[in-house]
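Structural characterization, general
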Amino acid sequence: MSKTINRYIPEKIYEHLKKSSFKNKEHLIIICDMINRISIFRKEDKDYSNIFTDIPGNYFKDIISNEISYKNAMDYLLDNKLIDCDGLYSKALGKAFGYKINDEYFSKLIKVQVCKPTLTKKIISNINTKNSYVNEKYKKYKSFFLSNFDIDYEEGLNYINTNLNTSLCTTNSIKDRFKLINKYNHSFMALSAINDGDLFFRYNKTNGRIDTNLTNLKSELKVFIKTKNLVQVDIVNSQPYFLNLILSSNPSLCTTNSEFEKYNNWTTKGIFYENFQREYYKNTGKSMNRKEIKNLMFCIYYSRNNSYIKEKNIFRSIFPEIMKWIEKEKENRHNELAIKMQKIESNFCINIVCQELDKHNINYYTIHDAWLVDRFDELRVKNIIEQCFINTYNNIPKLKIEKIN
Amino acid sequence: MKKKFKKEDDLYPIWYEGKLYTEEECDDIFICFYHTKLALNYLNGVYVGDKIWIYPDGTMEEF
C-alpha cells in the first residue's frame, strides 16, 4: 500500500477544491501547502497579516516535476484567485515571484492527505535529505530524537483551538482576527510537523547548539510531548555560572581576591540573581524582581561596552575586576563573549553530558542548557551531570528539577 | 554578477511585530545569539539562557 503524506491548506480553499473538477487536485494542494509552509517556516510574515513570500519556481517543480502539470496547477490557482502572485521577478536582483493565499480564502489550516506516489516519494526524500548529516558525537541522540520525539496531537490541537476561540470572541477587527488565525496556523503547523514526523535536528557550527522542533516549541505545549513522566533538569543561573567557568580558567583573575570567590560562591550555589538583587537595592535604593535582574545581567554580559553604562557601573561596584575583564573581552567584537559562552554551554551540555548519558543508556531530549529525561532516571541523571562538572571543571553548580508532563 | 535567490538561511532582514529589522537595526544582544533561522521561535525570538528568549528589538521574555 502506498504511503500517504499530510499537507495543510486553508479550509476555505479545501471547500473550493471539493467542488472543483480540476484533474490533479493534489498538485493544487502541494502548491497551497508550500506557500503556507514556506511563509511559516521561513518566518517572514511576522505581522501575521498574510504577506507575499518569495518562492523560486524550482521549489514547486522539485515536487511536481512535470513542467506542464506544474504550470496547469499554478495557472488554475491564480486564475481562480485562490492565491495571489506579486508579479515581481528579477534574476539579477535575486527576486523570485512572491505568493500568498488570497485574502478571501485566508482561513484556518486543515489537514489533507496526498497519496500520489510520485509526490509522496519526493516529499519523503526531501525530509530525509535535510537530516542526513550525522556527527558521531550526537549520533545516538539524533537517532533517538528523530525516531521518538512526538506530540499528543489531538490534545495539543484542542488546546490551541480553545485559545483561538477564546481570543476570537473578544476581537471584532478583521485585521486582528486575521492575525489571530495566522498565529494559530503557526502553532498548528509546529504541532503538525511533529505529528507527521517532519522533524529537524541541526547542529549550529557557530555556537555548537543543537536546534530541533523541541528547542523552539512554546513552553506551554511541552506538556503535550508524548513521552510521559518527563522532568526537566536545569542548571540554576546557568549564564552567570558559565561565565564563572570561563573566569576560573583565567589564572590572573581567580587568584586575585575575594571578588572572584564571591562570584564563584553566588553562581555555584545558584543564588546569583537573588544576591545581586539585594546588592542592587543596597546601591540604588530601587528594587527589581528576579526576571528584571536576569535581563539586566544579560545586558551587562552581552551588550556593546558603550551601552547600559549605568547598569554596568552597578555591576562594577560589586565586581570591578570581573567587569573590567568582561569589557576587555568585548573590546574588539561585542559578540565574542556571548559566542564563547554559548560554546562552553553546548560543549558541556551536548558533547560531555549527552555522551555520558549515552554510555549509561539513558534517553533524553535537550533544550540548550537543560535536559528532559524520564522521572525515574532523574537522580541518575543528576549524579551523572554533577560528575561531569567535577571531571571537567572541578566544580558543581546547583541543578533544578521540574516536572514537564 | 547574478545574485542568489533569497533562501531560508538568509538571517536578515527579520520581521518582528510588524517591523522588518536589518542587522544594523537589531538589538546588539539579539545579534549575539542569532546564528540560524532554525533557532527562532514563532515570534522570531532566539534563546539566550536561563529560560529567557530575546527578540530583534531587545525585548527579553520567557516563551
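First things first, this report covers the structure right here in the doc. All residue numbers refer to positions counted from 1 along the written sequence of the respective chain. Chain labels run from A onward and ligand labels from 1 onward, assigned in the order the entries are written. Owing to the predicted nature of the model, reporting of local features is limited to residues with pLDDT of at least 70; listing and counting of side-chain atom pairs is limited to 80 or more, with chain, interface and lining totals taken over all residues.

1. Quick notes on the overall build of chain A
By definition, any uninterrupted DSSP run of H or I lasting at least four residues is a helix, any uninterrupted run of E lasting at least two residues is a strand, and each is numbered from the N terminus. In terms of regular secondary structure, chain A is built from 17 helices and 11 strands. The burial label depends on the number of other C-beta atoms within 10 Å of a residue's C-beta. Counts of 20 or more mean buried, 12 or fewer mean exposed, and intermediate counts mean partly exposed, with C-beta atoms placed from the backbone. Taken across its 405 residues, chain A has 35% of its residues classed as buried. Distance between backbone-placed C-beta atoms decides contact: two residues are in contact if it is within 7 Å. Considering only contacts in chain A between residues 6 or more positions apart, those separated by 24 or more positions represent 69%.

2. Re the interface of chain A and chain B
The partner chain B presents 32 residues to the 43 residues of chain A that form the contact. Elements represented by at least two residues in the side of chain A that touches chain B include exactly α8 (174-195), α9 (238-248), α13 (290-302) and α16 (336-359) of chain A. No other element matches the 5 residues that α13(A) contributes to the side of chain A that touches chain B.

3. Thoughts on the sheet that holds strand β2 (residues 53-54) of chain A
Residues and elements named next belong to chain A. Here we have 3 strands laid out as an open sheet, ordered β2-β4-β3, and antiparallel in their pairing. Since the sheet does not close on itself, it has two edges, and those belong to β2 and β3 (83-85), each with one partner. Judged from the 3 bridges that link them, β3 and strand β4 (residues 98-101) form a sheet pairing that is antiparallel. Considered in β4, the bridge of Cys85 is made with Tyr99. Lying over the sheet, helix α2 (residues 25-41) contacts β2, β3 and β4, oriented at roughly 105° with respect to β4. Between any two strands, at least two bridges found by DSSP are needed for them to pair. Angles run from 0 to 180 degrees between N-to-C directions of axes, and those axes are lines fitted to C-alpha atoms, restricted for helices to the stretch in contact.

4. Observations concerning the environment of A:Thr129
Tracing the sequence through the fold places A:Thr129 in helix α5 (residues 117-130). A C-alpha to C-alpha distance of 17 Å links A:Thr129 and A:Asn58, two positions 71 residues apart in sequence.

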